[in-house]
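Analysis of the macromolecular model
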Amino acid sequence: QVQLVESGGGLVQTGGSLRLSCAASGYTFSSYAMGWFRQAPGKERDFVAAINWSGSATNADSVKGRFTISRDNAKNTVYLQMNSLKPEDTAVYYCARSRYRSSTPGSYDYWGQGTQVTVSS
């Protein structure tokens, strides 16, 4: 079965950094685009970043210049490096897979369970 398992979330102070990982299994990782989304309580699930099979990436405007998505196809893992964190970054972060790079949640067919990121003031 396809499995996506996020890790690396936690509590950090404003201005701090955190690296999230998403370990994939059960499919040919290198054939799929991967994305990161986040959802705060009572809010919509928002796009964060996505990367295609070859490493071409795009970020949401809200995280541009602060977050970097990357992937290691040899390790079946996608990463989200988060720097200069702000309280508004607090959310559950999810990784997901898609046949192509997309900012639309409906383009993704499998999702991880999420990892909590909390940024304190």
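This structure is a prediction, so every number in the text was calculated from the model and none was measured. (Residues numbered from 1 in each chain as written. Predicted model: local features only at pLDDT ≥ 70, side-chain atom pairs only at ≥ 80, totals over all residues. Heavy atoms only, no water.)

1. Here we look at the pairing of strand β7 (residues 67–72)
For clarity, the threshold we go by: Partly exposed describes any residue whose relative accessible area lies between the buried limit of under 20% and the exposed limit of over 50%, with all areas from a 1.4 Å probe on protein chains only and scaled to the type maximum. Counting from the N terminus, the helices are DSSP H or I runs at least four residues long and the strands are E runs at least two residues long. Between any two strands, pairing holds if DSSP finds at least two bridges.
Burial along β7 is one-sided: the residues F67, I69 and R71 are buried and none of T68, S70 and D72 is. Bridge count for β7 against strand β8 (residues 77–82) is 6 bridges, and the pairing is antiparallel. Bridging from a neighbouring strand, I69 pairs with L80 of β8. Taking the residues between adjacent antiparallel strands as the criterion, β7 and β8 are bridged by 4 residues, where N76 takes a positive phi near 50°.

2. With respect to the nonpolar core
This is how the line gets drawn: Residues belong to a common nonpolar core when they are buried Ala, Val, Leu, Ile, Met, Phe, Trp, Tyr or Cys residues joined through side-chain atoms within 4.5 Å. Here a residue-residue contact requires only that any non-hydrogen atoms of the pair lie within 4.5 Å.
Within the largest apolar cluster, 33 residues are counted, with the highest numbers of intra-cluster contacts made by W36, L80, M82 and Y93. Elements that contribute at least two residues to this core include exactly β3 (18–25), β4 (33–39), β5 (45–51), β7, β8, β9 (91–98) and β11 (115–120). The element that contributes the greatest number of residues to this core is β5, accounting for 5 residues. Beyond its immediate chain neighbours, meaning those up to four positions away, M82 contacts G16, S17, L18, L20, R66, F67, Y93 and V117.

Purely geometric numbers; function is a separate question.
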